[in-house]
Amino acid sequence: MSQPVDPTTTPAWARLTALYESLQPDLRGWFAADPSRAKSFTFEAGDLYVDLSKNLINSDILIALVDLADQVGLADRRDAMLAGEHINVTEDRAVLHTALRAPEGSSLVVDGVDVIPEVHSVLNKMYAFANKVRSGEWVGVTGKPIATVVNIGIGGSDLGPVMVYEALQPYVQPGLTARFVSNIDPTDVAEKTKDLDPETTLFIVASKTFTTLETLTNARLARSWLLDRLRDSGAIEEGDEAANAAVAKHFVAVSTALDKVAAFGIDPENAFGFWDWVGGRYSVDSAIGTSVAVTIGPENFADFLAGFHAIDRHFAETEFSSNVPALMGLLNVWYVNFLKAATHAVLPYAQFLHRFPAYLQQLTMESNGKSVRYDGSPVTTETGEVFWGEPGTNGQHAFYQLIHQGTQLIPADFIAVANPAHPLVDGDNDVHELFLANFFAQTAALAFGKTADEVRAEGTAEAIVPARVFPGNRPTTSIMASELSPRVVGELIALYEHITFTEGVVWGIDSFDQWGVELGKQLALQIAPAVSGDDEALGKQDSSTQALITYYRSQRK
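Criteria and thresholds
Residues numbered from 1 in each chain as written. Predicted model: local features only at pLDDT ≥ 70, side-chain atom pairs only at ≥ 80, totals over all residues. Heavy atoms only, no water. Buried < 20%, exposed > 50% of the residue type's maximum accessible area, 1.4 Å probe, protein only. Helix = DSSP H or I, 4+ residues; strand = E, 2+ residues; numbered from the N terminus. Pairing = 2+ DSSP bridges. Contact = heavy atoms within 4.5 Å. Axes fitted to C-alpha atoms, helices over the stretch in contact; angles between N-to-C directions. 1 Å grid on protein atoms, 1.4 Å probe; cavity = no way out; pocket = protein on both sides within 12 Å on 5 of 7 lines; lining within 4 Å. Points joined across faces, edges and corners; volume = space filled by probe spheres on them. Salt bridge = Lys/Arg side-chain N within 4 Å of Asp/Glu carboxyl O.

Colleague: Explain the pairing of strand 12 (residues 412-419) to me, please; I cannot follow it from the model alone.
Modeller: The two faces of a sheet get side chains in turn, since along a regular strand they alternate between them. Burial analysis of strand 12 places six of its eight residues in the buried class, the great majority of the element. Sheet topology note: the strand 10 (residues 343-349)/strand 12 ladder contains five bridges and is parallel. Among the inter-strand pairings, Pro348 is bridged to a residue of strand 12, identified as Ile415. For strand 12 and strand 15 (residues 476-483), the ladder comprises seven bridges, and the chain directions are parallel. Each residue of the ladder has a partner; that of Ala412, found in strand 15, is Thr476.

In structure tokens, the structure reads:
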């Protein structure tokens, strides 16, 4: 494995520094001077139409960014990932989420094993199970078909499935719904199950090792809920035999730890596996997506995977000068390292994508929130940015003020589709067209702003003219597709996966480990006895933690 290239030592970085120092952003002037600017900076990837023209770039900056990609070895690093080399160096693992959506019949040998047949073996098992649930062949312990699937997981075992399930609501089979339990706060599992019928509920416990604290705690709570409700209603008798039969019909697992799955009471035949080269935040297209496959069906899930694969091929085969995920990742580097942007907004003008920004928070921030490079040396630049966002037009009435007129530069991605799932009208007004008018207007307003003279021309009193000036030159990317189909959702996820990868390569970091999440989990296990009343454990804590726990114990009823 080659050593990371320090990007700050490359000729491209020096060129970008010079371009930044001479930069005078003027999107109004740039568009006026170049009628073909929009065409020059608009690209297609799969079914996605991506307009980069309202970003703070020109052709010289774009060329320098592409040169930077070449000089840090983005192509080689990409090819190493796709070939199954162990680019996750701290865990000595391959990084092969792209193999999860490779077509059946293709081949990729990793560590002496062709992984593609294994991937499709699991997919076929998932699809067979999904069809049983959807057709009513799979029934609960009392013979009733399943009406509600409850996915129990956390992190990537939750954020991906719930985001995709919400995004693809129009494709969910009528009469079949899903719920998602992730938080160890007992409120989560209690609220998600309180109105369910245990006889028609199926739990999917998603944990690769079947040891994740939050997931296994919630799984045990769900098992207790199921058995208590079934016994209270007289649906099952007391005793271990009846309990085991009920668990076997109402629980399946996504895990490779078959011994632990069996110890829980789940038939290992009803466990769907995946591999250590699948990171949690890259796993929704693996067996982690079982709840999605059940609710939208195998055919739609296959279309979802095809969308991922289309962007994988685009990223693998397209020159960086027109490679959409590479360009967007390089743009993020431009904003973070040169224009010192600390955050990045993702603003979907599609209500079904309301969980997409939350999904991207884990994908991007867990991947690139690093301060050492993959050879263990300190990073030489800022890394990562805070991803956040809400659906439009909700955000317009909340935080757009800061984006338009605040003092911070906040690059923003706007996402929309041409054809809505619900083409409603309000009188003579097509509501989706009204909605998208806001989508188009916001990026124009952010780019071009409003001058003091334009404000005065509207008859505004001079005293308040400054408050109504919009500076413009606020960068945005517009991403559009025809409709929010399973394929398009897969394309959007893969797009941001490869954006994240591109940034990580420039910064020289391992985007595929997540050691930063471990310390807090370890300390929680150490502190738990103190919370439960162990004074000796309490005495080992710092004074602040001691005081907080003491207050908690005094207030707990």
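Colleague: Can you help me understand the sheet that holds strand 6 (residues 177-181) in this one?
Modeller: Strands pair in a sheet through their backbones, by hydrogen bonds, and they do so in one of two ways: parallel or antiparallel. Spatial ordering of the open sheet is given by 6-5-7-8-9, a layout of five strands whose pairing is parallel. For this open sheet the edge positions go to strand 6 and strand 9 (271-272), each flanked by a neighbour on one side alone. Two elements, strand 7 (residues 201-206) and strand 8 (residues 251-254), share four bridges in a ladder whose sense is parallel. Looking across to strand 8, one finds that Ala206 is bridged to Val254. Relative to strand 6, helix 8 (residues 186-193) is tilted by about 165°, and along the sheet it contacts strand 6 and strand 7. Packed on one face of the sheet, helix 9 (residues 213-232) meets strand 5 (148-152), strand 6, strand 7 and strand 8 and runs near 160° to strand 7.

Colleague: Is there a simple way to think about the environment of Ala262 in this case?
Modeller: Note that Ala262 resides in helix 11 (residues 258-264). Judged by relative accessible area, which is 39%, Ala262 ranks as partly exposed. Taking the C-alpha atoms as reference, Ala262 lies 19 Å from Trp275; in sequence the two are 13 residues apart.

Colleague: I keep staring at empty space enclosed by the protein and nothing clicks. Help me out?
Modeller: If a probe the size of a water molecule is rolled over the atoms, the empty space left behind becomes visible. Summed over all chains, the structure comprises three cavities of 30 Å³ or more. If you add up the space inside the largest cavity, you get close to 80 Å³. Lining of the largest cavity is provided by 14 residues; of these, Asn55, Asn332, His344, Asp413 and Thr477 occupy positions nearest its centre. Listed by contribution, the elements that provide at least two residues to the lining of the largest cavity are helix 14 (324-338), strand 12, strand 15 and helix 19 (486-507). Of all the elements, helix 14 adds the most residues to the lining of the largest cavity, at four residues.

Colleague: Quick question: what am I supposed to make of the pattern of salt bridges here?
Modeller: Two side chains bearing opposite charge may form a pair once their charged atoms approach each other closely. Counted by the stated rule, this structure contains 22 salt bridges. As a salt-bridge pair, Arg28 and Glu454 come within 2.8 Å of each other at their nearest N and O atoms. With Arg28 in helix 2 (residues 27-33) and Glu454 in helix 18 (residues 452-457), the pair connects residues that are 426 residues apart, well separated along the chain. Between Lys450 and Glu458 there is a salt bridge, and its shortest N-O distance comes to 2.8 Å. Judged by its relative accessible area of 25%, Lys450 is partly exposed. Among the charged side chains, a network of salt bridges with common partners joins Arg101, Asp285, Asp312 and Glu497.

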